Amino acid sequence: MSNPYMARAVVDLTERSPRDVSLLYIGTASYDIPKFRRNQTNAFIDLGCDVTSLDVANQRPDQDEMEEAVDNADIILVSGGNTLYALDRWRYLGLDELLRTAAERGTVMAGGSAGAICWFDSGHSDSADPETYRQYKLDKFKDGEPEKKAGNNNNPFAHYSGNAQEGDSKEEWSYIKVEGLGIWPGMVCPHYDRIQSNGSPRMEDFDQMLEQFGQYELGLGIDHNAALEVDGDDFRVVSIPGEAGSVPISDNEEEEDGTTFVPGVWLKYVDEEGNVQRKVCPRSGSLSDLLQEVNDPEKHILVDDRVDLCRKENPLLRD
């Protein structure tokens, strides 16, 4: 959400002038580290939005403080980072119910990566990557911003778990399924077209996760430079112009910049034979039409037991 194009699309959902918009930033997933706050909110500040933050990762605000912050927001923007930690912390504090209530009354709920997964039933998460753990992050940024690694200067989310570069050694960790707030249906895979430090392409690993845990859920693979915008029962796919993605241009046509693949969203589901089927999500349409791919009126959400190990390795602050 640090891209100005995406920020403008988020603000437009309020149907107000940016100078009349109040945005609440919640950086729990990145442990309220100032650098991530600046990265995620600067584009909104440049538009003229009034930006405040609610820091709950390392301290416990009063209930009244949390309620006031959420109630006063036109937009709630959630950072990327460790999805599991953020959701567990919100549930521990009761912030999860405040966020659900905000969504019900029409507050714009936004975010990328962890900030996208959290609004849906579940997500394909890198929360088991040790470099997303709380103590690792707090130690790394305790003296300000660390020096960037050589060869990683153009990595758009290098300070999370990293986008694997050619020649990088592979880290030993696995993606896990994390249960979200369930405001919108579906299992989300952010950064769908990327490879992170474990060397596993997210689009391929997502298929495996759907086969194991997603038989009753609609899979939503969202490219790194795309977003899925939901407004009531309407949706549209938002893509940053000029960026490449995983969705092929129809009839092999090229964009003006020469790219043949653009950022987009993929729909995935497990068929009766247990095979993962996929198709490109339309650029706009009805959310209820998308959900016809999966028939699960009871809303079964299968649990990934690996989250328990992740919680032990990245313990929740209980204050």
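Presented here is an overview of the structure given in this document.

Cut-offs and rules
- Residues numbered from 1 in each chain as written.
- Predicted model: local features only at pLDDT ≥ 70, side-chain atom pairs only at ≥ 80, totals over all residues.
- Heavy atoms only, no water.
- Helix = DSSP H or I, 4+ residues; strand = E, 2+ residues; numbered from the N terminus.
- Buried < 20%, exposed > 50% of the residue type's maximum accessible area, 1.4 Å probe, protein only.
- Lys, Arg positive; Asp, Glu negative; His and termini not counted.
- Salt bridge = Lys/Arg side-chain N within 4 Å of Asp/Glu carboxyl O.
- Polar contact = N/O pair within 3.5 Å; in protein donor to acceptor, adjacent residues only side chain to side chain.
- Contact = heavy atoms within 4.5 Å.
- Pairing = 2+ DSSP bridges.
- Axes fitted to C-alpha atoms, helices over the stretch in contact; angles between N-to-C directions.

## Some details on the side chain of D223
In step 1: As for its position among the elements, D223 is in the loop between β8 (219-222) and β9 (226-231).
In step 2: As a buried residue without a salt bridge, D223 has its nearest oppositely charged side chain in R283, at a separation of 7.8 Å.
In step 3: Of the polar contacts made by the side chain of D223, one reaches the backbone nitrogen of S246; its length is 2.8 Å.
In step 4: Contacts of D223, omitting those with residues within four sequence positions, involve H191, Y192, D193, G245, S246, V247, V262, P263 and G264.

## Examining the sheet that holds strand β7 (residues 184-189)
In step 1: Here six strands make up an open sheet; going across it, the order is β6-β5-β7-β8-β13-β14 and the pairing mixed. If you trace the sheet from one side to the other, it starts and ends with β6 (176-179) and β14 (276-280), each paired once. Each adjacent strand pair in this sheet contributes to an overall mean axis angle of 25°, direction not counted.
In step 2: Sheet analysis places strand β5 (residues 120-125) next to β7, joined by three bridges and oriented parallel. For G123, the partnering residue across the bridge sits in β7 and is V188.
In step 3: Here helix α4 (residues 83-93) sits on the sheet in contact with β5 and β6, set at roughly 25° to β6.

## Focus: the pattern of salt bridges
In step 1: If you walk through the whole model with that rule in mind, you get 14 salt bridges.
In step 2: Between R311 and D88 there is a salt bridge, and its shortest N-O distance comes to 2.6 Å. Pair noted here: R311 is in helix α10 (residues 306-313) and D88 is in helix α4, with a separation of 223 residues, a long-range link.
In step 3: A relative accessible area of 34% places R311 in the partly exposed class.
In step 4: The partner of E217 in a salt bridge is K177, with the nearest N and O atoms 2.5 Å apart. Here K177 lies in strand β6 and E217 lies in the loop between α8 (202-213) and β8, a separation of 40 residues in the sequence.
In step 5: What makes E217 buried here is its relative accessible area of 2%.
In step 6: By relative accessible area, K177 is classed as buried at 3%.
In step 7: Here the salt bridges share partners, and the residues they tie into one network are D88, R91, D308 and R311.

Purely geometric stuff here, so don't read any function into it on its own.
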